[in-house]
Amino acid sequence: MNRFIRDVKKYRGYTVYAAKSALKSEVANSHLSWLWWILDPLLFMIVYSFVSLVVFRKKEPYLPVFIFIGFNCWNFFSGCLQQSVKLVTANRSIVSRVYLPKFILVFERMITNGFKMTIAFSIVVIMMIGYQVPVDWKVMLLFPLLLMLLVVTFAFSSLLLHFGVYVEDLANVTTVVLKLAFYMSGIIYSIEKRVPYPYNSLLLKCNPMALLVDSMRKVLIYRTMPDWAPLLVWFILGLIFSVIGVHNIYKHENSYVKVI
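Residue numbering note: each chain is counted from 1, following its sequence as written. For this predicted model, a pLDDT threshold of at least 70 governs which residues receive local features, and a threshold of 80 or more governs which side-chain atom pairs are given and counted, while totals over whole chains, interfaces and linings are taken from all residues. Water and hydrogen atoms were dropped before computing side-chain values, which therefore reflect all heavy atoms in the structure.

A. Fine view of the layout of surface pockets. Computed from the structure, the largest pocket encloses a volume of approximately 340 Å³. Forming the boundary of the largest pocket are 19 residues, of which F77, F156, V177, L178 and A181 lie nearest the centre. Strands here mean DSSP runs of E at least two residues long; helices mean DSSP runs of H or I at least four residues long; both are numbered from the N terminus. Elements with a minimum of two residues in the lining of the largest pocket: helix 4 (63-85), helix 8 (142-166), helix 9 (170-184), helix 11 (199-206) and helix 12 (208-222). With eight residues, the single largest contributor to the lining of the largest pocket is helix 9. Basically, the charged four are Asp, Glu, Lys and Arg, the nonpolar ten are Ala, Val, Leu, Ile, Met, Phe, Trp, Tyr, Cys and Pro, and anything else, Gly included, counts as polar. Tallied by class, residues from the lining of the largest pocket come to 16 nonpolar, three polar and no charged. Cavity: a set of points on a 1 Å grid over the protein atoms alone where a 1.4 Å probe fits but cannot get out. Pocket: an open set with protein on both sides within 12 Å along at least five of seven lines, its lining residues, like those of a cavity, having an atom within 4 Å of a point. Grid points are joined across faces, edges and corners, and a volume is the space filled by probe spheres set on the points.

B. Molecular detail of the packing of helix 4 against helix 12. Fitting a line to C-alpha atoms yields each axis, with helices limited to the stretch in contact; the angle taken between N-to-C directions then spans 0 to 180 degrees. Where helix 4 meets helix 12, the axes come as close as 10 Å, and the angle between the chain directions of the two elements is 140°. Between helix 4 and helix 12 lies a crossing of right-handed hand. For the pair helix 4 and helix 12, the contacting residues are V65, F66, I67, I69, G70, C73, W74 and F77 in the first and M209, V213, M216, R217, L220, I221 and Y222 in the second. Classifying every residue of the contact of helix 4 with helix 12 gives 13 nonpolar, one polar and one charged. A clockwise turn of the near helix away from the far one marks a right-handed crossing, whereas an anticlockwise turn of less than a right angle marks a left-handed crossing. Contact criterion: two residues are considered in contact whenever any of their non-hydrogen atoms come within 4.5 Å of each other.

C. Representation of the nonpolar core in the model. Formed by 71 residues in total, the largest nonpolar core has its most connected members in W74, F77, F103, F121, L149, M216 and L220. Elements that contribute at least two residues to this core include exactly helix 4, helix 5 (87-90), helix 7 (103-130), helix 8, helix 9, helix 11, helix 12 and helix 13 (228-259). Residue contributions to this core peak at 14 residues, all from helix 4. Not counting chain neighbours up to four residues away, the residues in contact with F103 comprise F4, D7, V8, F154, V246, I249 and Y250. Think of a nonpolar core as a cluster: buried Ala, Val, Leu, Ile, Met, Phe, Trp, Tyr and Cys residues, connected wherever their side-chain atoms sit within 4.5 Å. Burial classes follow relative accessibility: with a 1.4 Å probe on protein chains only, a residue under 20% of its type's maximum area counts as buried, one over 50% as exposed, and anything between as partly exposed.

Given below as structure tokens:
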């Protein structure tokens, strides 16, 4: 743990610089530049809102806000996981020349995706004002929920970074699993309302993204308290998986260069 903390402090300058460079390179050849970070989730929200309202005729209070919250969280989580699988290979020119704790690459991607999620959540605030969504002090609970999202994302990303070096097809498997997880996480529907009991409760407790998305909607839209017991369990599991992931990276990172 001490080594991890020292490395985070030592390489924080590089992490921020790499994240800024990645953000700039993403929009370097785009005419709309950073506006795509707003347009991308906004367009998907419009599409899924149309499908829910017109095609399936599902009525959900403040549906665009409801979908936008879920889609923003999912974009961050899935983006980090998909990118983590090939992080070492994608940064071959760096890791083969200088020593860099490989989990720093995960932090860099999390900062990049987290910046875009922050911009998207500013749109959520504007939409809540536009739709006149009533709020109370529970909106402040969004911040511990975001912390839990960061911990869980880092946990899975660090594990995928390690195994992605050795398992060539892991990227394809991850893509398929994430597509399935998207529909099992209630991004475009309410699990509590659409999935029959007791399967809805089981799905929320076993799927961290479903639980986090549902909890964020509760504090932002419905002014109700989230279920803290399963959230605490997943937070602790996230910390445990993070420790395992970082331990594996430290133990095997010298062999990464040989494999790639």
